[in-house]
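Here are the chains, one letter per residue:
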Amino acid sequence: MKYPHRGRYRMPLILPILCVWMILAFALPDRAGYPAAVPEPDIDFTQFSLEELKNVKIVSASKKPERISEVPAAVFVITRQDIRRSGATSIPEALRMAPGVQVARISATEWAVSMRDVNALFANKLLVLIDGRNIYTHVFSGVFWDMQDTLLEDIERIEVIRGPGAALWGVNAVNGVINIITRNARETQGNQFTALGGTEEGVGTLRHGNTIGENGHYRVYAKYFNRGKLFEGDKHILNDLSTSDWRSWRGGFRMDWAPEKEADTLMVQGEIFKNRFNSEETVFSDEAPHLVTGDETSNASGGHLLGRWQRTLSPASDMALRFYYDYYDKEFDRGQVRVHTTDLDVQHRFTPFERHEIIWGANWRFISDHFSETFEISTDPSDSDQHFYSAFVQDRIQLLPDRLNLTLGAKFEHNDDTGTEIQPSARLLWRPRPGHELWGAVSRAARVPSRLENDGVTRSLMASDERDTILRYMGNSALEAETLIAYEVGYRFQPTNTLWFSVAGFYHDYDDLITLEYRGTADENGNEVLLLEYGNSLDGESYGLELSAFWQVARTWQLQGAYTFLETRMQERVGEVDSDTEKLLFPESNPRNQVSLRSAWNMTRRLDLDLWFRYVDRLSENDVDEYVTLDARLAWTPIPSLELSVVGQNLLEPKHAEFSTLEIERSVYFKLDWCF
């Protein structure tokens, strides 16, 4: 079966011309009269004050460095200090700090992470990047969180952009963008060893950094964890295959080259990893009773190579070229897929007129996959090559210098499944007086169907206490892209020198959402099978309010708070099936209210105490009650190069459910962090 090519687009002819022109521009020497720009000073994210927080420069909102106070969007930054003092041991756990982000643990190896949407195992409208590398998988439309990891100590910051980012980042950046940015190799010189051991997991990392010549720096690292018999390993978790004993190792490197008084910088990084965990799977058999349950080992492995070259042409102009290759081989639900991704991206920033700053660029992405066909999962075709071509342009216009800015932009993208998608955005930022910023935005974004939604046929057994149901999901190659029109407003203000608030409200209007449509029943080896096909038959809306606050109570004490209200309304789904079956088909839900309050107190020069309280509202669709948690961390630094800490998590109750029947238990761990 060939993919439909609706709306033939001429981007394939335009893109090579643009790439050649930009590559030639890179090769040219600096223009006379334009001195090389002075590199931006590095920000020490371990020593944050309110003023430093406001002046943090992020890159994900506009694809150029800009202060948070200059961004006409709902943004939040999780700093390296935040991650260290939160006690989080994984990237999804760290994301709980951001307002507007719903994080729930589903199983020993899986998290549901979403933004401004109903939460599910695969949040298909949330784009996640690591150093600009897209880790959103086209297989299920979402992120395999069990494969995404790195040394948390090497994360510089996590930029969380709530709301559409499609005008810059393209399809699938519908409800938000998360960009995980790692540290420059220059900042990780020497050696670091960390060891973490506790009731639920054990983690060990080792990193070495050094110089290459006068202007180059590098680091190499390795990480291993064993999350053992996590969370009642012998208890059956509804719709969860994993029985844990989750082990993972990874190793990688990063090299940065930045000669003084030169216009070029170069970054190259790479990583390989391997995961394995045990699972209990029910497979179909030709013999009665046709369903057999057995133990399996699920494996995943892969790696990537990423390079970025940036040249400063003048104080107001620069260009960047980024390339990466990514590969993974993953087993899931009795299926297996191998995916190769190659991505080339170029962008150019310049100021053609006094009040205009233009950024434009182009991108080509090639995804090749192969599915190993099983009775439970098959695709037609089993091998696929997909091309994505895109170009974007954004103009920031100073209507009133330092008071009123208008940002207009759009991304034009072609893919082999749904044809051409145009995703425009208009954003306005107004500063009526110092310390006050109001912004508003209207945007369009699109989400393209996943590989399985287009071409897959999957069979699964959905178990419940009352009955077991065999389901057959059938792909539909005629699917259109899901679309969103988003309306956003926000207000940031600083009433005193020690207090800062940020408020954002939004209304999202969705069309052509992909859902399952009832196609009757069939008999398969004497079993009744429910037939379901994907279709664009669902519309919906969501609206909400997100608040974050920062209070520097004293020189040694900071408080950070966040509140999120989210309401989602989707039309009735399958319709012909009963409510119990519909719950099995759509195990997704979101809390209406979430509260987070964090305290960071430097008790003495060598002793830190951190507390993190969270309240999460009930998930009515999943029959999960509301819960409160309290994490506490006590850290002692006997000498500057050594930190010892103890962390207690979920201290307020013995266990609680977050999304499924899995109950997260109270736990404790000890950590040693030694730099030498």
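(A) Looking closely at the overall build of the protein. Of the regular secondary structure elements, the protein holds seven helices and 36 strands. When burial is assessed residue by residue, the protein has 57% of its 676 residues classed as buried. Contacts in the protein between residues at least 24 apart in sequence constitute 62% of all its contacts with a sequence separation of at least 6. Surface accessibility of the protein: about 28200 Å² in total, with carbon and sulfur atoms responsible for 56%.

(B) Region of interest: the pairing of strand β12 (residues 216–226). Bridge count for strand β11 (residues 202–212) against β12 is eleven bridges, and the pairing is antiparallel. Residue Ile-212 lies in a different strand from β12, and its bridge partner there is Gly-216. Between β11 and β12, which pair antiparallel one after the other, the connecting turn spans three residues, and Gly-213 there sits at a positive phi close to 65°.

(C) The arrangement of the sheet that holds strand β9 (residues 176–182) in detail. Read across the sheet, five strands follow the order β3-β8-β9-β6-β7 without closing on themselves; strand pairing throughout is mixed. Edge positions in the sheet fall to β3 (74–79) and β7 (133–134), since each has one partner strand and no second.

(D) Geometry of the confidence of the model for the protein. Scored by pLDDT, the protein has a mean of 85; 84% of the residues are at 70 or more. Under a pLDDT of 50 for its full length, residues 1–19 has, in the predicted model, 41 contacts with residues more than four places off or in other chains. Contacts from residues 21–46, a stretch scored under 50 in pLDDT, to residues over four places away or in other chains number 47 contacts.

(E) Representation of unusual backbone geometry within the structure. Along the chain, Asp-380 connects to Pro-381 via a cis peptide bond; the corresponding omega equals 5°. Looking at where Pro-381 falls in the secondary structure, it is placed in the loop between β19 (377–379) and β20 (383–400). With a phi close to 55°, Asp-131 is a non-glycine residue in the positive phi region. We classify Asp-131 as buried; its relative accessible area is 7%. Phi is positive for Ser-141, which is not a glycine, with a value near 65°. Tracing the sequence through the fold places Ser-141 in the loop between β7 and β8 (155–162). Owing to a relative accessible area of 2%, Ser-141 belongs among the buried residues under this scheme.

(F) Local environment of the pairing of strand β36 (residues 667–675). Here strand β10 (residues 190–198) runs beside β36; their pairing, made up of seven bridges, is antiparallel. Its bridge partner being in β36, Gly-198 is matched across the sheet by Tyr-669. By the bridge criterion, eight bridges tie strand β33 (residues 642–649) to β36 in an arrangement that is antiparallel. Each bridged residue has a counterpart across the sheet, and for Leu-642 the counterpart in β36 is Trp-674.

(G) Spatial organisation of the nonpolar core. Within the largest apolar cluster, 35 residues are counted, with the highest numbers of intra-cluster contacts made by Ile-78, Leu-95, Ile-158, Val-160 and Ile-178. Contributing elements (two or more residues each) for this core: β3, α4 (91–95), β4 (101–105), β5 (111–115), β6 (126–130), β8 and β9. Residues Leu-53, Leu-129, Ala-173 and Val-177 belong to the second largest nonpolar core, which totals 22 residues.

(H) Expanded view of the side chain of Glu-421. Position of Glu-421 relative to the elements: it lies in strand β22 (residues 419–433). We note that Glu-421 is buried and unpaired, the nearest opposite charge coming from Arg-444 at a distance of 4.1 Å. There is a polar contact of 2.9 Å between the side chain of Glu-421 and the side chain of Thr-418.

(I) Here's a closer look at the environment of Gly-87. Summarising the element assignment, Gly-87 is placed in the loop between α3 (80–86) and α4. On the accessibility criterion, Gly-87 (2% relative accessible area) is buried. With 547 residues separating them along the chain, Gly-87 and Leu-634 place their C-alpha atoms 9.7 Å apart. Excluding residues within four positions of it along the chain, Gly-87 makes contact with Arg-633, Val-647, Gln-649 and Tyr-669.

(J) Quick peek at the environment of Glu-357. The residue Glu-357 is located in strand β18 (residues 356–372) in this model. Between the C-alpha atom of Glu-357 and that of Thr-407, which follows or precedes it by 50 residues, the distance is 9.3 Å. With residues near it in sequence (within four places) discarded, Glu-357 still touches Lys-64, Arg-349, Phe-350, Thr-351, Gln-394, Asp-395 and Arg-396. A polar side-chain atom of Glu-357 sits 3.4 Å from a polar atom in the side chain of Lys-64.

(K) Focus on the packing of aromatic side chains. One pass over the structure, following the stated rule, counts nine aromatic pairs. Ring centres of Phe-225 and Trp-246 lie 5.0 Å apart, and the angle between their planes is 85°; on these two criteria the pair is classed as edge-to-face. You can see Phe-225 sitting in strand β12 and its partner Trp-246 sitting in strand β13 (residues 242–257), a full 21 residues away along the chain. The burial state of Phe-225 is the same as that of Trp-246; both residues are buried. With a centroid separation of 4.8 Å and 20° between ring planes, the pair formed by Tyr-491 and Phe-493 is classed as stacked. The exposure class assigned to Tyr-491 is partly exposed, which follows from its relative accessible area of 28%. Grouped by ring-pair contacts, the aromatic residues Trp-111, Phe-225 and Trp-246 constitute a single cluster. Note that Lys-63 overlies the ring of Trp-169, its terminal NZ or CZ placed 4.5 Å from the centroid. A cation over a ring is seen here: Arg-614 above Trp-612, with NZ or CZ 5.7 Å from the ring centre.

Conventions adopted
Residues numbered from 1 in each chain as written. Predicted model: local features only at pLDDT ≥ 70, side-chain atom pairs only at ≥ 80, totals over all residues. Heavy atoms only, no water. Helix = DSSP H or I, 4+ residues; strand = E, 2+ residues; numbered from the N terminus. Buried < 20%, exposed > 50% of the residue type's maximum accessible area, 1.4 Å probe, protein only. Contact = heavy atoms within 4.5 Å. Areas by Shrake-Rupley, 256 points an atom, 1.4 Å probe, with all protein chains shown as cover. Pairing = 2+ DSSP bridges. pLDDT = per-residue confidence, 0-100. Core = buried A, V, L, I, M, F, W, Y, C linked by side-chain atoms within 4.5 Å. Lys, Arg positive; Asp, Glu negative; His and termini not counted. Salt bridge = Lys/Arg side-chain N within 4 Å of Asp/Glu carboxyl O. Polar contact = N/O pair within 3.5 Å; in protein donor to acceptor, adjacent residues only side chain to side chain. Phe/Tyr/Trp six-rings, centres within 6.5 Å; stacked < 30°, edge-to-face > 60°. Lys NZ or Arg CZ within 6 Å of the ring centre and 35° of its normal.

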